[in-house]
Amino acid sequence: MNFGHIGPDRTAISAYCAYLEPVSKDTNRPIMDRATIVHDNFLRRVARGDLPQGSAPAGPLTPGLAVSIYRSSCLTRALDRTSRAMQAAGQGFYTIGSSGHEGMAAVAAALRPTDMAFLHYRDAAFQIQRAEQVPGQTITWDMLLSFACSTQDPISGGRHKVLGSKALTIPPQTSTIASHLPKAVGAAYSVGLAKRIRPEHQALPDDAIIMCSFGDASANHSTAQGAINTACWTAFQKVPLPLLFVCEDNGIGISTKTPDGWIAASFAQRPGLKYFHCDGLDIYETFRIASEAAEYVRTRRKPAFLHIRTIRLYGHAGADVPTTYLPKSEVEAEEANDPLLHTVRLLDAAGALTPDQALAIYRSTGERVQRISEEAITRPRLHSAEEVMASIIPPPRENAPTNGTAPEARAETFGNDLKAANQPQIMSRLINFALTDLMLDHPEIVMMGEDIGRKGGVYGVTQKLSQRFGRARMIDTLLDEQSILGLGLGMAQNGLLPIPEIQFLAYLHNAEDQLRGEGATLPFFSNGQYTNPMVLRIAGLGYQKGFGGHFHNDNSVAVLRDIPGLILCCPSNGPNAARLLRECVRLAREEQRLVVFLEPIALYGMRDLHEAGDGGWLGTYPAADERIGFGEVTTTGAGKDLAIISFANGAYLSHQAQERLESEGIAARVIDLNWLSPLPEDAMLAATKGCRHVLIVDETRASGGIADALMTVFAEQDAEKRPLARISALNSFIPTGPAYAATMPSLDQIMTAARKLVGAKS
Ligand SMILES: Cc1ncc(C[n+]2csc(CCOP(=O)(O)OP(=O)(O)O)c2C)c(N)n1
Ligand SMILES: [Mg+2]
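In this text, all values refer to a predicted model and were calculated from it rather than measured experimentally. Once a new chain begins, its residue numbering starts again from 1 and follows that chain's sequence as written. Chain letters start at A and ligand numbers start at 1, both assigned in the order the entries are written. Only residues with pLDDT of 70 or above have their local features reported here, since the model is predicted, and side-chain atom pairs are shown and tallied only from 80 upward, although totals for entire chains, interfaces and linings are computed over all residues. Side-chain measures here rest on the full set of heavy atoms in the structure, leaving out hydrogens and waters.

**Examining the overall build of the protein**
Move 1: Helix and strand labels come from DSSP, where a helix needs a run of H or I of at least four residues and a strand needs a run of E of at least two; each type is numbered from the N terminus. Looking only at helices and strands, one finds 29 helices and 19 strands in the protein.
Move 2: In terms of overall dimensions, the protein is globule-like: its C-alpha atoms have a radius of gyration of 30 Å, near the 27 Å expected for 762 residues.
Move 3: By its C-alpha atoms, the protein is 100 × 60 × 50 Å across when sized along the principal axes.
Move 4: Counting over 762 residues, the protein shows a buried share of 61%.
Move 5: In this analysis, two residues are considered to be in contact whenever any of their non-hydrogen atoms come within 4.5 Å of each other. Within the protein, contacts between residues at least 6 apart in sequence are counted, and of these 80% link residues at least 24 apart.
Move 6: Calculation of accessible area relied on Shrake-Rupley with a 1.4 Å probe; when residues are assessed, cover is drawn exclusively from the protein chains displayed. Here the protein displays about 28,600 Å² of accessible surface, and carbon together with sulfur accounts for 52% of that area.
Move 7: One finds the centroid of the 72 positive side-chain charges in the protein at a distance of 2 Å from the centroid of its 80 negative side-chain charges. With the radius of gyration taken over C-alpha atoms, the globule rule is written as 2.2 Å times the number of residues to the power 0.38. Each residue is assigned to one of three classes by its accessible area relative to the maximum for its type, calculated with a 1.4 Å probe on protein chains only: buried under 20%, partly exposed between the two thresholds, exposed over 50%. Only four residue types enter the charge count: Lys and Arg as positive, Asp and Glu as negative, with His and the chain ends excluded. Where a charge sits is defined by one atom per residue type, namely NZ (Lys), CZ (Arg), CG (Asp) or CD (Glu).

What follows is the structure, encoded as structure tokens:
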């Protein structure tokens, strides 16, 4: 089948139409999958007036809104059926249904379209109903384009069948369970903060609330548990957090049942979290309770947990057949409780719509969706790698020009440190000065991390910042890395510029999906419409004399280097750290990039280079306009015998080696990479021009380390084809005690490798 055509392909359309009412080849009768069974049941039972029992309609839902919710429910149902037909015809590529969860339309109706919603994948009804609240929406068309993976899909540009919409304040979600909860907490926290800071790119109104939904099985995920705990911890201290969690409890996750009563038992009595419960099969009750919950969150600025009963029709997703793991009687009992049937009964009882009218709406909606789908499948799809990758790097954004900070204000903030800036300083202080200037210049910068405020960080890098800028901008978080990153991602949704800190590189790993699965994919799946600019500071790498072992000396950055779009920067000395940090913040602020700034702990306090007391690794604070541009390397010396390429501690050791090699008659230059991902390939190759040999010194581990990539660059791109060698750390964890550096490159190793490479005798 040709997916690449641009104009309408009538053959494809007629082939597709055959799938809309699938017929068995053997019996020539319609194929009865669960979706067809549910559809037939609906038609038959409404026609007969055979509707399930339930409470009478009660509460503030008006007839007009009730009918609108019913229409959204019918559309949800029709889209589910059509998406299956599209997939069967090879015209749609992913089906995960919302049938049974139509009650979420009533939740949407209880919220405002400016309340940012981070949605569960079963929330088509929510999005459809929200579209009713915003003029000019073409929701059916938009969703069908998303099913068809068309480039015209307004949310992902054809990259995924995903819920989401810029106009509806619904950022698209990955399907990684619960990974959106931490940033929902961050977005909720941002609302109050933005009121004080007024960031230029503020996106949410001051009275907005954040909504975040997930399934009953998802509620068990450590990411969900962590985020909900963070919300409780925050609210418990009376910090405003307008966040509505919505747990859609259909009693099952794929094939694993949630124990009866588990969600209520787990969440009904959490500190700081108000619990609400409603039956999602009853749109009147759902609207009433969701409105109460929204009102509570909006007026009290506190989190709430809305537990909504739903059912799951047609199994988990397209290929899942629920009768393979559930008794058929159970599946049929659920189907008999179809929420659409309940809604028809309720609308009839309320005098809002007769069953005949309801049936007519159901039928006409199905026909309309089918008609529109025939057009949607003719729309262009992505072809080339270039098209796919076009949104990995977000678009730049305009920022109002600033004149910088007035000298008097700066002098007042820095105090005595202003004098110190003109004297040679260690790296940690120069980073501190740079952060001070950046926070002065950009009031939207907010930092968050463990012990960064009152204590000023484990290594003192953020000392005094809390006094200088207040605790609202220097947030001492609870001990949960996922929540720290989620706070950052979420705050960025509201125009704040987060600089989170992870205390040690080894502690990034339990949270890295927040960068990998959430942060980096957001521009990709939203076609650049949603971004989460941030600069994540991480203290890491090895060589801390005798201290801490692996957990404080992790020397692998492999997990950061393969994340598309992520920038990894790593300084080796104080002045360059300041220059690079400024560029990182510029990249985040102006180009909306996700940046990691890796600070080599062992160099934080490094003073001397060649001998005790020489102060060779100290530096003065660079002038405010000095930056090292993205992709620029720093070269020391102009020797032509050897180019040593390194970064961080390796660059420090290489500078030591440079002088010793000089005394042996080997003229070397040291090229400090500054940027570890993407690698500054062009600048690096240019900096080695005319050098007869190249030595790579890489303190990360041999497997998955930087040297692997550098060797490849030289193998593929080096016009000069010169002899090349590398030193990497061994594939080991770092021990504490006297052997702390035994597995990593040493000065002696560099000397030996350099001599060997240039053919010199030692
Ligand atoms: C981190 C992660 N682990 C596993 C999965 C695979 N998975 C997708 S949906 C799902 C079940 C979720 O059930 P529930 O939260 O109850 O939502 P429902 O589908 O019932 O609406 C699982 C295990 C995933 N998407 N992400
Ligand atoms: Mg479930």
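**Concerning the nonpolar core**
Move 1: Here the nonpolar core consists of buried residues drawn from Ala, Val, Leu, Ile, Met, Phe, Trp, Tyr and Cys, with membership extended through side-chain atoms lying within 4.5 Å. Counting residues in hydrophobic clusters, the biggest one holds 72 residues, and the most contacted among them are F42, Y70, V107, F126, M211 and L306.
Move 2: Apart from residues no more than four positions distant in its own chain, M211 is found in contact with M104, V107, L111, M116, A117, F118, L119, F126, L244 and V246.
Move 3: Residues M427, F433, Y652 and L757 belong to the second largest nonpolar core, which totals 68 residues.

**Some points on the side chain of S218**
Move 1: Here S218 shows up in the loop between strand 2 (210–215) and helix 8 (222–236).
Move 2: Non-local contacts of S218, meaning those with residues more than four positions away in its chain, are made with I177, A178 and A224.

**Here we look at the sheet that holds strand 10 (residues 497–502)**
Move 1: DSSP calls a pair of strands paired once it identifies at least 2 bridges connecting them. Taken together, the 7 strands give an open sheet; going across it, the order is 9-8-10-11-13-12-17, and neighbouring strands pair in mixed fashion. Whereas interior strands pair on both sides, the edge strands pair on one side only; in this sheet they are strand 9 (474–476) and strand 17 (675–677). Sheet twist, expressed as the average angle between the axes of neighbouring strands with direction ignored, equals 20°.
Move 2: Two strands pair when backbone bridges link them, and strand 8 (residues 445–449) and strand 10 are joined in this way by 4 bridges, in the parallel orientation. Residue V446 lies in a different strand from strand 10, and its bridge partner there is P498. Lines fitted to C-alpha atoms define the axes, with helix axes restricted to the stretch in contact, and inter-axis angles between N-to-C directions lie between 0 and 180 degrees.

**A few points about the site of ligand 1**
Move 1: Residues in contact with ligand 1 amount to 17 residues; listed here are only the nearest, H120, Y121, R122, S218 and I252.
Move 2: Any N or O atom pair separated by 3.5 Å or less is treated as a polar contact, with the protein-specific requirement of one donor-capable and one acceptor-capable atom, and with residues adjacent in sequence counted only for side-chain atom pairs. The separation between an oxygen atom of ligand 1 and a polar side-chain atom of R122 is 2.8 Å.
Move 3: The contact in question runs from an oxygen atom of ligand 1 to an N or O atom on the side chain of S218, over 2.5 Å.
Move 4: Coverage of ligand 1 by the protein amounts to 73% of the 590 Å² it exposes when considered alone.
Move 5: Three classes are used, and their members are as follows: Ala, Val, Leu, Ile, Met, Phe, Trp, Tyr, Cys and Pro are nonpolar, Asp, Glu, Lys and Arg are charged, and the others, Gly among them, are polar. Here the shell around ligand 1 is built from residues that sort into 5 nonpolar, 10 polar and 2 charged. Nearness is judged by heavy atoms alone; a residue qualifies as near a molecule or strand once a single heavy atom is within 4 Å of it.

**Re the packing of helix 3 (residues 63–88) against helix 13 (residues 355–376)**
Move 1: It is at 9 Å that the axes of helix 3 and helix 13 come closest, and there the two elements cross at 40°. Classified by the angle between their axes, helix 3 and helix 13 sit oblique to one another. Crossing handedness for the pair helix 3 and helix 13: right-handed. Together, Y70, R71, C74, L75, R77, A78, L79, R81, T82 and M86 of helix 3 and A358, L359, I361, Y362, T365, G366, R368, V369 and S373 of helix 13 make up the contact between the two elements.
Move 2: Of the residues belonging to the contact of helix 3 with helix 13, the class tally is 11 nonpolar, 4 polar and 4 charged. Convention used here: angles under 35 degrees read as roughly parallel, angles over 145 as roughly antiparallel, angles from 65 to 115 as roughly perpendicular, and any remaining angle as oblique. The crossing is said to be left-handed when, going from far helix to near helix, the turn is anticlockwise and less than a right angle, and right-handed when the turn is clockwise.

**Describing the coordination of the magnesium ion (ligand 2)**
Move 1: Donor atoms (N, O, S) are those found within 2.8 Å of the metal centre, with the cutoff raised to 3.2 Å for Na, K and Ca; water is not part of the atom list, so apparent gaps in a site can occur. Ligation of the magnesium ion (ligand 2) by protein atoms is provided by D216 (OD), N250 (OD1) and I252 (O), these donors lying 2.0 to 2.1 Å from the ion.
Move 2: The sequence motif formed by the donor residues of the magnesium ion (ligand 2) is D-x33-N-x1-I.
Move 3: A relative accessible area of 11% places N250 in the buried class.

**Looking at the pattern of salt bridges**
Move 1: Any carboxyl oxygen of Asp or Glu that lies within 4 Å of a side-chain nitrogen of Lys or Arg is treated as forming a salt bridge with it. Counting across every chain of the model gives 33 salt bridges.
Move 2: With a closest N to O distance of 3.1 Å, R586 and E591 form a salt bridge.
Move 3: A salt bridge links D641 to R692, with the nearest nitrogen and oxygen atoms 2.5 Å apart. Remark: R692 occurs in the loop between helix 27 (681–687) and strand 18 (694–701) and D641 occurs in the loop between strand 14 (634–636) and strand 15 (642–646); sequence separation between them is 51 residues.
Move 4: If you follow the salt bridges from partner to partner, you end up with E583, R586, E590, E591 and R627 in one network.

**Describing the state of the cysteines**
Move 1: Only a pair of cysteine sulfur atoms within 2.5 Å counts as a disulfide in this structure description. A complete count under the given rule lists 0 disulfides for this structure.
Move 2: Here C278 stays unpaired: no disulfide links it, and the sulfur of C247, its closest cysteine neighbor, is 11 Å away.
Move 3: Taking the relative accessible area as the measure of exposure, C278 reaches 0% and is therefore buried.

**Quick look at the side chain of S466**
Move 1: By the element assignment, S466 lies in helix 18 (residues 465–469).
Move 2: Looking at S466, the relative accessible area reads 11%, which means it is buried.

**Examining unusual backbone geometry**
Move 1: For the bond from S677 to P678, the omega torsion is -15°, close enough to zero to count as cis.
Move 2: Not every positive phi belongs to a glycine, and N674 is a case in point at roughly 65°.

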